[in-house]
Amino acid sequence: MEVKKLSISWQFLIVLVLILQILSALDFDPYRVLGVSRTASQADIKKAYKKLAREWHPDKNKDPGAEDKFIQISKAYEILSNEEKRSHYDHYGDAGESQDYQKQQQREYRFRHFHENFYFDESFFHFPFNSERRDSIDEKYLLHFSHYVNEVVPDSFKKPYLIKITSDWCFSCIHIEPVWKEAVQELEGLGVGIGVVHAGYERRLAHHLGAHSTPSILGIINGKISFFHNAVVRENLRQFVESLLPGNLVEKVTNKNYVRFLSGWQQENKPHVLLFDQGPVVPLLYKLTAFAYKDYLSFGYVYVGLRGAEEMTRQYNINVYAPTILIFKEHINKPADMIQARGLKKQVIEDFITQNKYLLATRLTSQKLFHELCPVKRSHRQRKYCVVLLTAEAPKLSRPFEAFLSFALANTQDTVRFVHVHSGRQQEFASTLLPDGEAFQGKSAVSILERRNTAGRVVYKTLGDPWTGSESDKFVLLGHLDQLRKDPALLSSEAVLPDLMDELAPFFLLRWLYSASDYMADCWDSIFHSNWREMMPLLSLIFSALFILFGTVIVQAFSDSNDERESHPPDKEEVPEKVGKAEPSFTKDSSSKIPKKGFVEVTELTDVTYTSNLVRLRPGHMNVVLILSNSTKTSLLQKFALEVYSFTGEIVQRR
């Protein structure tokens, strides 16, 4: 009896729970749950949902009813974000779901399962939880295809880029987000470019980069892409960026090689920079600076804790307890400029380097350098004059050049730039500025010029006498520059200068070798590190070429084998004969082998050997057909062998 009463009570409770669920379902109003009107737009619904989801998420809200409230908010958004379900609810008061579906949804709305679907199930909500916070981190770094092609790739020749490929439905992307944020803050401050590609919205760019999964992290330098394959920790990302940089950017300098390093300015046509610091490893900031200005300066590093650095620190009076940067130009005994401070920042170093990008009297070695040092006149207030020394090339500094350097060092005018040209290497350029006659033959000369357009048109004035570097020459040049500030018409001559030859460009063979080595290095890296989907086109090409090559060899081998079988009938009796020194061997075999010395190979011509010996005669081969009878065969062949036994062709006998 008690069991019967207990079963009745359980049935009553189940019915009561079902009634309450039905009443709650009937009372469920998604508009009221989200706090929006029935005419609200999708943007308003999404905004309201994101606000309530952040407020009631069980990870943040410890209220006991937070989980149920969060489920209601999620269900309300699911209905209102779907136009079909929303329309059905507006007309019939429900979302068109069956009771079984509602029960299934109730089971699926348990928080644990919901929390997983919320991040990863693309068919659930159409954006990730807390996307507003995530977007705020990556928003300023988002890349589009045109921006990548037009800005990032050209800029990668001055600084490396670290790019993250992400998507909305990626748990690992969320997992690495704190590490990525810390790494970005550090590396961006050092001068590394940062980019973020959303694979869902920029599929073309993601495919172009070769990223087939998210998250992916890759680096770009000099337009080349390298993938990051290690664990995503800040130190690994830092090492990855450092590995992108060329290994010869910064030279280690000691007492043994510092004179050679600083003396390279004449050959390289660049100022040389030395960083003195206490660390045995070159700082990443210094490497990045060296990469950004590699076309303008050469960089060296001195570890002051090394025993071989005392001489330099004493000579240049270096404070070993603070990082010090020295810049040397034409004079290696005294730095042209220096900076010393603890915790040198990127902007401070860049400003310091920019002010010392060129030598005091840079040699014009290319048209690009000419454009930078002697820019085209833009307006009367932006006049730039170039004082050009035309001199012969010499292994050591000549007196005229040293005098020109001292004059350039004493110059205080910002509108004047001093350069020199080796007249032997740039003959057309020098002959255009030099006056006709023999007065300047084999001697140095100084011209003052102003560029008027990029096509080569200049106005100029060449000093009347050769430049010897005397005090009178300096006085005349100084007078011309002072007069030029008052009267630009002093530059009375006009000419069109030819383009300068690039003196430092490598030869074609060297450029080809460099390109080939870079390509092989890229292929090696791709084979061992990149995913195989990227390598499929290259592998397909390689295997196709190998198949064609070996297939051709195999077919040719079978073809030769068939020819030999056709040309070799069953062996018949041989008729050996000896004639003096020659021993002709008369066989009925058809052979393409070269006869042995002292022998003449004879083959009987039959209907079987006719095709292989005459019809399929190979290019360069010749057959001689000898028509004999049984009675004369032996005597004639012996005489024939004496005449032709040194001949390396084939002799065919026909009966």
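Look a little higher up for the structure.
All values derive from a computational prediction rather than experimental measurement.

## Focus on the overall build of the protein
Point 1. For the protein, the helix and strand inventory stands at 26 helices and 20 strands.
Point 2. Across the protein, the fraction of contacts at a sequence separation of at least 24, relative to all contacts at a separation of at least 6, is 68%.

## Examining helix H22 (residues 471-486)
Point 1. In this model, H22 (16 residues) spans 23 Å end to end at C-alpha, consistent with the 22 Å of a helix rising 1.5 Å per residue.
Point 2. Among the structural elements, strand E11 (385-391), helix H20 (399-410), strand E12 (416-422), strand E13 (445-451) and strand E14 (457-462) are those in contact with the buried residues of H22.

## Considering the side chain of Thr362
Point 1. The topology assignment puts Thr362 in strand E10 (residues 362-363).
Point 2. Within polar-contact distance, the side chain of Thr362 engages the backbone nitrogen of Leu359 at 3.2 Å.
Point 3. Not counting residues within four places of it along the chain, the set of residues in contact with Thr362 comprises Asn269, Leu369, Leu373, Phe418, Val419 and His420.

## Quick look at the packing of helix H3 (residues 42-56) against helix H4 (residues 66-81)
Point 1. Where H3 contacts H4, the axes come no closer than 10 Å and their chain directions differ by 165 degrees. As summarised for this structure, H3 and H4 are arranged roughly antiparallel, according to the angle between their axes. In this structure, H3 meets H4 at a crossing whose hand is left-handed. Contact residues: H3 offers Gln42, Ile45, Lys46, Tyr49, Leu52, Ala53 and Trp56, while H4 offers Ala66, Lys69, Phe70, Ile73, Ser74, Tyr77, Leu80 and Ser81.

## Observations concerning the packing of helix H11 (residues 177-190) against helix H13 (residues 234-244)
Point 1. Between H11 and H13, the least distance of the axes is 9 Å, while the angle of their chain directions is 40 degrees. The handedness of the crossing between H11 and H13 comes out as right-handed. Across from Val179, Glu182, Ala183, Glu186, Leu187 and Leu190 in H11, the residues of H13 making contact are Arg234, Leu237, Arg238 and Val241.
Point 2. Along the lines of polarity and charge, the residues of the contact of H11 with H13 split into six nonpolar, no polar and four charged.

## Remarks on the sheet that holds E10
Point 1. The strand order across the open sheet formed by six strands is E10-E12-E11-E13-E14-E15, and the pairing between neighbours is mixed. The strands lining the two open edges of the sheet, one partner per strand, are E10 and strand E15 (493-496).
Point 2. In this fold H20 packs onto E11, E12 and E13, with an angle of close to 165 degrees to the strand it touches most, E12.
Point 3. Where H22 meets the sheet, it contacts E11, E12, E13 and E14, and its direction lies at approximately 15 degrees from that of E13.

## Here's the deal with the pattern of salt bridges
Point 1. For the structure on display, the rule yields 14 salt bridges.
Point 2. Lys85 is the partner of Glu78 in a salt bridge, and the nearest nitrogen-oxygen pair spans 3.4 Å.
Point 3. Residue class for Glu78 comes out buried when judged on its relative accessible area of 17%.
Point 4. Classification of Lys85 by relative accessible area gives buried; the value is 18%.
Point 5. Residues Glu372 and Lys368 are paired through a salt bridge, measuring 2.9 Å at the closest nitrogen-oxygen approach. Remark: Lys368 and Glu372 occur in helix H19 (residues 367-373); sequence separation between them is four residues, near one turn of the helix.
Point 6. Each of Arg363, Glu393, Arg425 and Glu503 takes part in salt bridges that share partners, so that together they form one network.

## As for the state of the cysteines
Point 1. Going through the model one piece at a time under the given rule, you end up with two disulfides.
Point 2. The partner cysteine of Cys374 in its disulfide is Cys386, sulfur to sulfur 1.7 Å. For the disulfide bridge between Cys374 and Cys386, the dihedral angle about the S-S bond is near -100 degrees, and by the sign convention the bridge is left-handed. A residue pair is termed long-range when its members are at least 10 positions apart, and Cys374 in the loop between H19 and E11 and Cys386 in strand E11 qualify at twelve residues. Of the two residues examined, Cys374 and Cys386, each falls in the buried class.
Point 3. Along the protein, the cysteines engaged in disulfide bonds are linked according to the scheme 1-2, 3-4 when indexed in sequence order.

## Observations regarding the packing of aromatic side chains
Point 1. Taken as a whole, this structure holds eleven aromatic pairs when the rule is applied.
Point 2. With a centroid separation of 5.3 Å and an interplanar angle of 70 degrees, the aromatic rings of Phe228 and Phe240 are classed as edge-to-face. A residue pair is termed long-range when its members are at least 10 positions apart, and Phe228 in the loop between strand E4 (224-227) and H13 and Phe240 in helix H13 qualify at twelve residues. For the pair shown, Phe228 and Phe240 are each scored as buried.
Point 3. With 5.6 Å between their ring centres and 70 degrees between their planes, Phe404 and Phe418 make a pair best called edge-to-face.

## Quick look at a nonpolar patch on the surface
Point 1. On the surface, a cluster of nonpolar side chains totalling about 830 Å² of accessible area is made up of Ile542, Phe543, Leu546, Leu549, Phe550, Val553, Ile554 and Phe558.
Point 2. Mapped onto the elements of the fold, Leu549 is located in helix H24 (residues 532-567).

## Describing H11
A turn of α-helix holds 3.6 residues, and therefore any two residues three or four places apart point the same way.
Point 1. For H11, spanning 14 residues, the distance from its first C-alpha to its last is 20 Å, which sits close to the expected 20 Å at 1.5 Å a residue.
Point 2. Inspection of H11 places Glu177, Trp180, Ala183, Val184, Leu187 and Leu190 among the buried residues, and these make up the whole buried set.

## Let's talk about the nonpolar core
Point 1. In this structure, Leu162, Phe299, Ile353 and Leu449 are the most contacted members of the largest nonpolar core, which totals 62 residues.
Point 2. Examining the composition of this core, we find that six residues originate from one element, helix H16 (residues 284-292), more than from any other.
Point 3. Apart from residues no more than four positions distant in its own chain, Leu162 is found in contact with Trp180, Leu187, Val192, Gly193, Ile194, Gly195, Ile217, Leu218, Phe240 and Val241.
Point 4. Among the nonpolar cores identified, the runner-up in size contains 24 residues, and Phe401, Ala403, Val416 and Ile448 belong to it.

## Quick word on the sheet that holds E4
Point 1. Strand order in this open sheet of four strands is E2-E1-E3-E4, and the pairing throughout is mixed. Across the chains shown, the open sheet's two edge strands, defined by having one partner strand only, are strand E2 (193-198) and E4. If you compare each strand with its neighbour and ignore which way they point, the axes differ by 25 degrees on average.
Point 2. Two elements, strand E1 (residues 161-166) and E2, share six bridges in a ladder whose sense is parallel. Following the sheet pairing, Thr166 is matched in E2 by His198.
Point 3. Where H11 meets the sheet, its contacts fall on E1, E2 and strand E3 (216-221), and the angle it forms with E2 comes to roughly 145 degrees.

## Regarding the environment of Leu397
Point 1. Tracing the chain through its elements places Leu397 in the loop between E11 and H20.
Point 2. Residue class for Leu397 comes out partly exposed when judged on its relative accessible area of 29%.
Point 3. Sequence-distant contacts of Leu397, defined by excluding residues within four places in its chain, comprise Trp265, Gln266 and Glu402.

Calculation notes
- Residues numbered from 1 in each chain as written.
- Predicted model: local features only at pLDDT ≥ 70, side-chain atom pairs only at ≥ 80, totals over all residues.
- Heavy atoms only, no water.
- Helix = DSSP H or I, 4+ residues; strand = E, 2+ residues; numbered from the N terminus.
- Contact = heavy atoms within 4.5 Å.
- Expected span 1.5 Å × (residues − 1).
- Polar contact = N/O pair within 3.5 Å; in protein donor to acceptor, adjacent residues only side chain to side chain.
- Axes fitted to C-alpha atoms, helices over the stretch in contact; angles between N-to-C directions.
- Parallel < 35°, antiparallel > 145°, perpendicular 65-115°, else oblique.
- Left-handed = near helix turned anticlockwise from the far one by under 90°.
- Nonpolar A, V, L, I, M, F, W, Y, C, P; charged D, E, K, R; others polar.
- Pairing = 2+ DSSP bridges.
- Salt bridge = Lys/Arg side-chain N within 4 Å of Asp/Glu carboxyl O.
- Buried < 20%, exposed > 50% of the residue type's maximum accessible area, 1.4 Å probe, protein only.
- Disulfide = S-S within 2.5 Å.
- Phe/Tyr/Trp six-rings, centres within 6.5 Å; stacked < 30°, edge-to-face > 60°.
- Patch = residues over 30% accessible without salt bridge, like charges linked within 9 Å, V, L, I, M, F, W, Y side chains within 5 Å.
- Areas by Shrake-Rupley, 256 points an atom, 1.4 Å probe, with all protein chains shown as cover.
- Core = buried A, V, L, I, M, F, W, Y, C linked by side-chain atoms within 4.5 Å.

So far we have only geometry, and geometry alone does not tell us how the molecule works.
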